[in-house]
Amino acid sequence: MGFFIETLFGGLMAGMLYSLIALGFVLIFKASGVFNFAQGAMVLFAALAMARFSEWFPALLGFDSKLLANLLAFVAAMAVMIVVAWLVEKLVLGRLVNQEGITLLMATLGITYFLDGFGQTIFGSDIYKIDVGLPKDPIFLFESLFEGGVLINKEDLYAAVIAAALVALLSLFFQKTATGRALRAVADDHQAAQSIGIPLNRIWVIVWSVAGFVALVAGIIWGSKLGVQFSLSLVALKALPVVILGGLTSVPGAIVGGLIIGVGEKLSEVYIGPMLGGGIEIWFAYVLALAFLLVRPQGLFGEKIIDRV
């Protein structure tokens, strides 16, 4: 039982990180109807900016405080992501208003490859380190209940708490603030929102900026765990099955979907993997997403769209 709980905790903590990345997809889709294929590239770009700025600022300004370096790097990386959001709206989305969904999807694919290449040009293509002070030593919990206790990685625990707090804050932002209500209004009907004076262009810049902030936090966490490398954008694509499972328009769905996939892939790898030769963790999320597309295409919490003829 101790080993099962240990595996379960590991899945829940990984699931929270998947949910954090999935939120970027959901936020942009809710506000603009665009499935943002570039979210993975945004995570990588933000992580590269954070890693490199934290190296460059101490060298340029002549100080050796890691805390100050990380704070300045975070502010600078966030400013870069806001500029990216503004450019995306001005140069791409603003020129493709009311276009077909496939056109917008291809636009985000173009943004993906641009960010991948531009990030490599500016920040380099080596593996970089992000050190924000997350403890990496493991701890043992419930030693009185289970023999040997339950082994938990402190870094995973802290990362899961940060992700959960950010998810909660974003949910409150959408529900309780005027800007959040405007975002939901735009998500429901672009033309109706415009007719009551909600500026679409400003809303899209805000939502892409929020998605950039989410990408930055996710990039810092994953970069701290794995190092900042170009495979990080592939890790971010694990969030695609999460949004399919939870629903493209649902913030709670992103959370629940992430937890289900995180737990499911860990348990299946540990308990079923040895019987099938391993590797289940790689494809489990996508097979589960495929099953949901066949049975419930809108996901667990997505809106079922009915077209009347």
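Here the structure is shown first, and the text comes after it.
A short tour of the structure in this document, coming up.

Procedures and definitions
Residues numbered from 1 in each chain as written. Predicted model: local features only at pLDDT ≥ 70, side-chain atom pairs only at ≥ 80, totals over all residues. Heavy atoms only, no water. Helix = DSSP H or I, 4+ residues; strand = E, 2+ residues; numbered from the N terminus. Contact = heavy atoms within 4.5 Å. Areas by Shrake-Rupley, 256 points an atom, 1.4 Å probe, with all protein chains shown as cover. Lys, Arg positive; Asp, Glu negative; His and termini not counted. Charge placed at Lys NZ, Arg CZ, Asp CG, Glu CD. Salt bridge = Lys/Arg side-chain N within 4 Å of Asp/Glu carboxyl O. Phe/Tyr/Trp six-rings, centres within 6.5 Å; stacked < 30°, edge-to-face > 60°. Buried < 20%, exposed > 50% of the residue type's maximum accessible area, 1.4 Å probe, protein only. Core = buried A, V, L, I, M, F, W, Y, C linked by side-chain atoms within 4.5 Å. Polar contact = N/O pair within 3.5 Å; in protein donor to acceptor, adjacent residues only side chain to side chain. Expected span 1.5 Å × (residues − 1). Axes fitted to C-alpha atoms, helices over the stretch in contact; angles between N-to-C directions. Parallel < 35°, antiparallel > 145°, perpendicular 65-115°, else oblique. Left-handed = near helix turned anticlockwise from the far one by under 90°. Nonpolar A, V, L, I, M, F, W, Y, C, P; charged D, E, K, R; others polar.

**Considering the overall build of the chain**
Moving on, step 1. Of the regular secondary structure elements, the chain holds 13 helices and two strands.
Moving on, step 2. A sequence separation of at least 24 residues applies to 72% of the contacts in the chain between residues at least 6 apart.
Moving on, step 3. Within the structure as shown, the chain displays about 15,100 Å² of accessible surface, and the carbon and sulfur contribution to it stands at 67%.
Moving on, step 4. Positive and negative charge centroids in the chain, built from 18 and 20 side chains respectively, lie 9 Å apart.

**Quick look at the pattern of salt bridges**
Moving on, step 1. Here the structure, examined in full by the defined rule, presents four salt bridges.
Moving on, step 2. Asp131 is paired through a salt bridge with Lys66; the nearest N and O atoms lie 3.1 Å apart. Residue Asp131 is found in the loop between helix H4 (101–123) and strand E1 (138–141), and its partner Lys66 is found in helix H3 (residues 66–91); the two are separated by 65 residues along the sequence.

**Thoughts on the packing of aromatic side chains**
Moving on, step 1. Counted by the stated rule, this structure contains 12 aromatic pairs.
Moving on, step 2. Ring centres 6.2 Å apart and planes at 20° place the aromatic pair Tyr18 and Trp222 in the stacked group. You can see Tyr18 sitting in helix H1 (residues 2–32) and its partner Trp222 sitting in helix H8 (residues 200–226), a full 204 residues away along the chain.
Moving on, step 3. We classify Tyr18 as buried; its relative accessible area is 6%.

**Some details on the nonpolar core**
Moving on, step 1. Grouped together as the largest cluster of nonpolar side chains are 91 residues, with contacts concentrated most on Leu20, Ile21, Phe53, Trp208 and Val228.
Moving on, step 2. With 15 residues, H8 is the single largest residue contributor to this core.
Moving on, step 3. Contacts of Phe53, omitting those with residues within four sequence positions, involve Pro58, Ala73, Ala76, Ala77, Val80 and Phe123.

**Some details on the side chain of Ser268**
Moving on, step 1. You can see Ser268 is positioned in helix H11 (residues 251–271).
Moving on, step 2. For Ser268, a relative accessible area of 6% translates into the label buried.
Moving on, step 3. Within the local environment of Ser268, its side chain forms a polar contact with the backbone oxygen of Glu265, the two atoms lying 3.1 Å apart.
Moving on, step 4. Discounting residues that sit within four places of it in the chain, Ser268 has contacts with Gly273, Ile280 and Phe284.

**Details of helix H5 (residues 154–176)**
Moving on, step 1. Compared with an ideal rise of 1.5 Å per residue, which puts 23 residues at 33 Å, H5 spans 33 Å between its outermost C-alpha atoms and is within 8% of the ideal.
Moving on, step 2. For H5, the full list of buried residues reads Glu155, Ala159, Ala160, Ala163, Leu166, Val167, Leu170 and Phe174.

**As for the packing of helix H2 (residues 39–61) against H3**
Moving on, step 1. At their nearest, the axes of H2 and H3 sit 8 Å apart, and the two run at 135° to each other. Relative to H3, H2 is oriented oblique. Remark: the crossing between H2 and H3 carries right-handed chirality. Side by side, H2 and H3 meet where Met42, Phe45, Ala46, Ala49, Met50, Phe53, Ser54, Phe57, Pro58 and Leu61 of the first sit next to Ala69, Asn70, Leu72, Ala73, Phe74, Ala76, Ala77, Val80, Met81 and Val84 of the second.
Moving on, step 2. Of the residues contributing to the contact of H2 with H3, the split by class is 18 nonpolar, two polar and no charged.

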